[in-house]
Amino acid sequence: MALSSHALHVTASLHKPSISQSRSFDRLKLSVPLDQKPLWKVRLPQKPWPEHVLEALKSTSRKMLEAFVDSVFRFVDQPLLPSQKNFAPVEEIGEAIVVACCEGDIPVNFPQGVLVRNGPNPLFGGLKSTESIFGRSSQTWVEGEGMLHAVYFEKGSGGNWLLSYKNRYVESDTFKLEKPQNKPSFLPALEGDSWAIMAAYLLNTLRYGAVNKYMSNTNVLEHAGKTYTVAENYVPQEVDIVTLEAGGDWNFGGEWDQPFTSHPKRAPESGELVTMGINAARPYYAVGVISADGKKLNHKADLEFDRSILSHEIGVTHKYNVIIDHPLVFDMKRLLNGGPLLKYDKEGYARIGVMPRYGDASSVRWFYVESSCTFHMFNSFEDGDEQVVVRGCRALTAVFPGPDWGTNKFDWFSRGFDFREPVAANANKHRGYLFTRAHEWRLNMETGEVQESNLTGTEFSVDFPFINADFTGLPNKYGYAQVINSKSSSECGMAKYGGLVKLYVGEPCPRLSDSEGGGDRDYSIKVEYHNFEKDSFCSGSIFVPKKDGVGEDSGWIVSWVHNEETDVSQVHVIDAQKFEGEPVAKITLPQRVPYGFHGTFVSTPN
């Protein structure tokens, strides 16, 4: 029997689920079209039912639902190729382990603290798909429970460095629901056949009160002396930086009822934390301003978007918030019509919004830019009173969630990462479409004009940018990013970063400024490279500033590096002012660390 889209309405809250399990009943709403009579009526007793009766009904309903899922859905592993072996999950090691092996010397003035990185580490052996009468659905490469990997830098009484390593799952509410069952239970709900996705939405909500798992696997952030893990589909979760034990949700008593970006920004001078949240239901995009002490939500505004997008980052300047709105769109109507839930719309518009810190939807100044996808930003700042400058990593399509359902996923990613020849600005659809370049937008606040230019050429593709965070929202001279290894990524079908790049923003590149230089004329800045050994790839790279350093690049680049030939994971410490030289220290870790996403350094001077 076909169901029209308005005959069955399913609403799933993105708020924290109630562990009391009462959610199985209060998350589902059934209605019929207004022009039809209901097929049945149920008259409920006027007096409340006894608590033990309600609990028995709830228990019975849960068991029936679990039995239905077990009989109809079959979980299958997503196999990994040999070239993908460091994307496989690892086990928790328990207590911290002393790290004894270090090549080189950790600088004397390196700060004491904790280097911590987040990333997906799927439960039960790896990513899963399900097969059922509704079709097939699959977890995507960004899913999987969050796992924190931490290296502790502590000085002994004699000034010598004492190092240790620890890892631990981020135990979100949904983790605590699924882990004790010792088997996968949440149905994949993002990629797959439309009926399988809709069935997953309904059954996950009825059983667990959540459409999908709260993975908390993308970033680690520090604010007002507290540390949090975060991913795009939920609010941050506080974590004890010493034990890595997860604590409560950071939502200001429910005042912030949206998901939370993985990349909030600390505003210059005020120290406030500016965030945003995207949602599949209205409000599609909200901005929040958190007090410098982390105790209050000072401001919240619905920007009144007319579409639901997947935006990953927000920017700040001295006075403004910077909004990225690109055509990577969630569309429930498209899903109901048999299409994908999330898709990059090549014909859709892209725009950048400049919003006063405490503004609302009507105060945003929108600048329409060339259609593209920008997940990550280097920085944004004001250049005088007229211009707002935004720098980010810009691609012609979205690496996430991947190809349309039914397309060979490995082939699509493999061709997308194939940059064997220079890729033109209008890269054709046959290869190289995942090429990402550092890009600059100059937004004129007086005239409304936009100037766009590529900061890097077609020699390398970059992503996961970072800067000295002390310059967030302020004019800065240097940007850093991870460099995609085209050959290895194409062979693997997943992004591998074989080096780092330092961009001297605003400093001309002699080779291309020369009249006989040739090449892409947008490529107009000086670039330095730091390449890793053969078959070595990095993740979670950050800038750690020197406490009493002189200059913006006075500090170290710290990166998690894995050698696939030896299967050894290390942390490399690189002098940012001697960027192309050898690392000053290579810290060998006691176990393999899978590739991950973002991290931070939490200073603990005492």
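Fair warning: this is a prediction, and the values are worked out from it, not measured in the lab.

1. Side note on the packing of helix α2 (residues 51–72) against helix α4 (residues 194–208)
- Put simply, α2 and α4 touch, their axes get as near as 10 Å, and they point 145° apart. As for the relative orientation of α2 and α4, their crossing is left-handed in sense. Residue-level contacts link Leu-65, Glu-66, Phe-68 and Val-69 of α2 to Leu-203, Leu-206, Arg-207 and Tyr-208 of α4.
- Looking at the contact of α2 with α4, its residues break down into six nonpolar, no polar and two charged.

2. Concerning the sheet that holds strand β13 (residues 246–249)
- Read from one edge to the other, the open sheet built from four strands follows the order β10-β11-β12-β13, with strand pairing classed as antiparallel. Looking at the sheet topology across the chains shown, the edges are occupied by β10 (219–223) and β13. Each strand of the sheet is rotated relative to its neighbour by a mean of 35°, with strand direction disregarded.
- Pairing of strand β11 (residues 226–230) with strand β12 (residues 237–239) involves three bridges; the strand directions are antiparallel. When the bridges of β12 are listed, Thr-227 appears paired with Val-239.

3. Focus on α2
- The end-to-end C-alpha separation of α2 is 32 Å, in line with the 32 Å expected for 22 residues at 1.5 Å each.
- When α2 is considered as a whole, its buried residues turn out to be Lys-58, Ser-61, Leu-65, Glu-66, Val-69 and Val-72. Projection of α2 onto a plane perpendicular to its axis shows the buried side chains occupying an angular sector of 145°, all on one side. Among the exposed residues of α2, those pointing more than 90 degrees away from its buried face are His-52, Lys-63, Met-64 and Ser-71.

4. Thoughts on the state of the cysteines
- The full count for this structure, using the stated rule, is zero disulfides.
- The closest cysteine sulfur to the non-disulfide-bonded Cys-102 is located on Cys-101, 7.4 Å from its own sulfur.
- The partly exposed category is assigned to Cys-102, whose relative accessible area is 30%.

5. Notes on the packing of aromatic side chains
- A full pass over the atoms with the stated rule returns 31 aromatic pairs.
- Consider the rings of Phe-73 and Phe-134, whose centres lie 5.8 Å apart with planes at 20°: the pair is stacked. Linking Phe-73 in the loop between α2 and β1 (74–77) with Phe-134 in the loop between β5 (128–132) and β6 (135–138), this pair joins segments that are 61 residues apart in sequence.
- Taken together, a centroid distance of 5.3 Å and an interplanar angle of 40° make the contact between Trp-412 and Tyr-433 tilted. In this pair, Trp-412 is assigned in helix α6 (residues 409–416) and Tyr-433 in the loop between α6 and β27 (436–444), connecting sequence segments 21 residues apart.
- Judged by its relative accessible area of 11%, Tyr-433 falls in the buried class.

Scoring rules and cut-offs
Residues numbered from 1 in each chain as written. Predicted model: local features only at pLDDT ≥ 70, side-chain atom pairs only at ≥ 80, totals over all residues. Heavy atoms only, no water. Axes fitted to C-alpha atoms, helices over the stretch in contact; angles between N-to-C directions. Helix = DSSP H or I, 4+ residues; strand = E, 2+ residues; numbered from the N terminus. Left-handed = near helix turned anticlockwise from the far one by under 90°. Contact = heavy atoms within 4.5 Å. Nonpolar A, V, L, I, M, F, W, Y, C, P; charged D, E, K, R; others polar. Pairing = 2+ DSSP bridges. Expected span 1.5 Å × (residues − 1). Buried < 20%, exposed > 50% of the residue type's maximum accessible area, 1.4 Å probe, protein only. Arc of directions from axis to C-beta. Disulfide = S-S within 2.5 Å. Phe/Tyr/Trp six-rings, centres within 6.5 Å; stacked < 30°, edge-to-face > 60°.

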